[in-house]
Amino acid sequence: MKIAVIQGPNLNMLGIREQHIYGAMKLEQIHQQMREFAEANKIEVEFFQSNLEGEIVDRIQECYGDADGIIINPAAYSHTSIAIRDALVAVSLPAIEVHISNIHRREEFRQRDLVAPACASSITGFGPFGYHLAMLGMTQMITDIANAKKAQEQQQQQQ
Ligand code: DQA
């Protein structure tokens, strides 16, 4: 099982930027916790962060035929990027969107989320713990998809 974690603009500034909203944890610390969960559960995990929309689109496209699922925090691009939404739809992989803060409680412009409809699920407002919830959710989702595929194959063989 391989999970790609994709982080959008300014998330490399976690631990420095607006600590009252995003907390004190650095991105590398969040990734280390996810790495430990992945190792304990025999999951392959790859991390990527970019401040550039096109690079995020490229990374999503690279996941096609490579990763089993995507955990993504598109950050500010959540509210503007049709390109990221289209890329997620194009690769047709299960995706979970994470927001550290509760975007629904914040400024009005953050309440429009263009990427969320391209994702199977959204986790918002749990702080950095949201990434752990996303790892749990994604593991379950990928397992469910694999089991459903197996059951379907068995059914076809019996016919
Ligand atoms: C964010 C919320 C976005 O509105 C904001 O632009 C971010 C971070 C979050 O994780 O809470 O950069 O995605």
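Residues numbered from 1 in each chain as written. Predicted model: local features only at pLDDT ≥ 70, side-chain atom pairs only at ≥ 80, totals over all residues. Heavy atoms only, no water.

Draft legend 1. How the structure looks around the side chain of Asn73. Within the secondary structure layout, Asn73 lies in strand S3 (residues 69-73). A distance of 2.9 Å separates a polar atom in the side chain of Asn73 from the backbone nitrogen of Ala75. Once residues within four sequence positions are removed from consideration, Asn73 is found in contact with Ile6, Gln7, Gly8, Leu11, Val98, His99, Ile100 and Tyr131. (Helix = DSSP H or I, 4+ residues; strand = E, 2+ residues; numbered from the N terminus. Polar contact = N/O pair within 3.5 Å; in protein donor to acceptor, adjacent residues only side chain to side chain. Contact = heavy atoms within 4.5 Å.)

Draft legend 2. Broad picture of the site of the ligand. Close to the ligand lie Arg17, Tyr22, Asn73, Ala75, Ala76, His79, His99, Ile100, Ser101, Ile103 and Arg110, which account for all nearby residues. Arg17 is positioned with one of its side-chain polar atoms (N or O) 3.1 Å from an oxygen atom of the ligand. Note that an oxygen atom of the ligand is positioned 2.9 Å from one of the side-chain N or O atoms of Asn73. For the ligand, whose accessible area on its own is 320 Å², the fraction buried by protein is 98%. (Near = heavy atom within 4 Å. Areas by Shrake-Rupley, 256 points an atom, 1.4 Å probe, with all protein chains shown as cover.)

Draft legend 3. Layout of the pattern of salt bridges. One pass over the structure, following the stated rule, counts eight salt bridges. A salt bridge links Lys2 to Glu44, with the nearest nitrogen and oxygen atoms 3.8 Å apart. Of this pair, Lys2 sits in strand S1 (residues 2-7) while Glu44 sits in strand S2 (residues 44-49), and the two are 42 residues apart along the sequence. Residue Glu44 is classed as partly exposed on the basis of its relative accessible area, which comes to 42%. Close ionic contact of Arg35 with Glu28 constitutes a salt bridge, the shortest N to O distance being 3.2 Å. Taking relative accessible area as the criterion, Arg35 reaches 26% and is therefore assigned partly exposed. According to the relative accessible area criterion, Glu28 is partly exposed, its value standing at 47%. Via salt bridges that share partners, Lys2, Glu44, Glu46, Arg59, Glu62 and Asp66 belong to a single interconnected network. (Salt bridge = Lys/Arg side-chain N within 4 Å of Asp/Glu carboxyl O. Buried < 20%, exposed > 50% of the residue type's maximum accessible area, 1.4 Å probe, protein only.)

Draft legend 4. Layout of helix H5 (residues 129-158). Here H5 is 30 residues long and its end C-alpha atoms lie 44 Å apart, about the 44 Å a rise of 1.5 Å per residue gives. When we look at burial in H5, the residues that qualify are Gly130, Tyr131, Ala134, Met135, Met138, Thr139 and Ile142. Looking at the buried positions of H5, the neighbouring elements they touch are S1, helix H2 (27-40), S2, S3, strand S4 (95-99) and strand S5 (121-124). (Expected span 1.5 Å × (residues − 1).)

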